[in-house]
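Chain residues, written in single-letter form:
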Amino acid sequence: MSNQPFPGFPAKSSFTPLPDLFFSRLLPEIHSLAELRLVLHIFWRLYPKKEAPKFITYDELASDRTLMEGLDGTADASEVLRGALASAVGRSVLLHVVLEGQDVYFINDERSRAAVSKIRSGELPAHTLPQSQSCIGQEAPNIFTLYEQNIGLLNAMIAEELKEAERLYPAVWIEEAFREAATLNKRRWGYIARILERWSIEGKGSGKSGRDFKKKRGPERYLGGKYGHLVRH
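Ordered by their spatial adjacency, 3 strands build an open sheet running β1-β3-β2, and the pairing between neighbours is antiparallel. In this open sheet, the two edge strands, each paired with only one partner strand, are β1 (56-57) and β2 (94-99). Here β2 runs beside strand β3 (residues 102-107); their pairing, made up of 6 bridges, is antiparallel. Pairing of leucine 94 across the sheet is with isoleucine 107, part of β3.

Here's what the structure looks like:
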């Protein structure tokens, strides 16, 4: 975890809504920091998902670097996660079922209660539920979220570089660059920025770049378009 001070929320921050009842009823009752972090994290992970019912598996949680770093302390993070899940289920904040050998968790709302009831009765078979919910139907995370998930806390200087990269490159490129860097265990913004720059210069996939980085850096960026002839003179 970074020791840099929090630089503040960027202008393009996305938001995750929480029920008012969470603040008035649950927050005073939750005394475990691990449980609180877990519940907030699950709200954040489930909100963008489009398929219903919305759920998250233990494996998804255990492989989430942001969550596990937050739970890591004097005890093993996986043990802390198990304990926090058990506490949240015992408090009825989360609903738990086992599907095809996987521990699956739902936020305890009306739609999830109905889904869990059907799952337990066999009316809703496991194979009919949405698959790979962590990828399918989920809004693409913005560049600030990707940075925090894959690298760590933002600082003011990096935030400005991220804003510029978000302006220059397609969102899908940015997400793929973060993924490529994570696969190679190169979790550094400088490495990701070089991937994006290379794709913009050399082309990506088809060999053609959606946004020509070279043209954005020199006088040539002013020569195209409707008024290019005026600039040349």
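Alright, that's what it looks like, and here's the rest.
Now for the packing of aromatic side chains. Scanning all chains against the criterion turns up 5 aromatic pairs. Pairing phenylalanine 22 with phenylalanine 23 gives two aromatic rings, centres 5.4 Å apart and planes at 90 degrees, and the pair type is edge-to-face. Looking at phenylalanine 23, the relative accessible area reads 44%, which means it is partly exposed. A connected cluster of aromatic rings, assembled from ring pairs, spans Phe22, Phe23 and Phe43. In this structure, arginine 82 is placed above the aromatic ring of tyrosine 58, and the distance from its NZ or CZ to the ring centre is 3.6 Å.

Right, let's talk about the packing of helix α7 (residues 143-150) against helix α8 (residues 156-168) for a bit. It is the contact of α7 with α8, at a shortest axis distance of 10 Å, that shows an interaxial angle of 130 degrees. Taken as axis vectors, α7 and α8 run oblique relative to one another. Like other packed secondary-structure pairs, α7 and α8 cross with a definite hand, here right-handed. Touching Ile143, Phe144 and Tyr147 of α7 are Ile158, Ala159, Leu162, Lys163, Ala165 and Glu166, all from α8. Classifying every residue of the contact of α7 with α8 gives 7 nonpolar, no polar and 2 charged.

How each quantity is defined
Residues numbered from 1 in each chain as written. Predicted model: local features only at pLDDT ≥ 70, side-chain atom pairs only at ≥ 80, totals over all residues. Heavy atoms only, no water. Pairing = 2+ DSSP bridges. Helix = DSSP H or I, 4+ residues; strand = E, 2+ residues; numbered from the N terminus. Phe/Tyr/Trp six-rings, centres within 6.5 Å; stacked < 30°, edge-to-face > 60°. Buried < 20%, exposed > 50% of the residue type's maximum accessible area, 1.4 Å probe, protein only. Lys NZ or Arg CZ within 6 Å of the ring centre and 35° of its normal. Axes fitted to C-alpha atoms, helices over the stretch in contact; angles between N-to-C directions. Parallel < 35°, antiparallel > 145°, perpendicular 65-115°, else oblique. Left-handed = near helix turned anticlockwise from the far one by under 90°. Contact = heavy atoms within 4.5 Å. Nonpolar A, V, L, I, M, F, W, Y, C, P; charged D, E, K, R; others polar.

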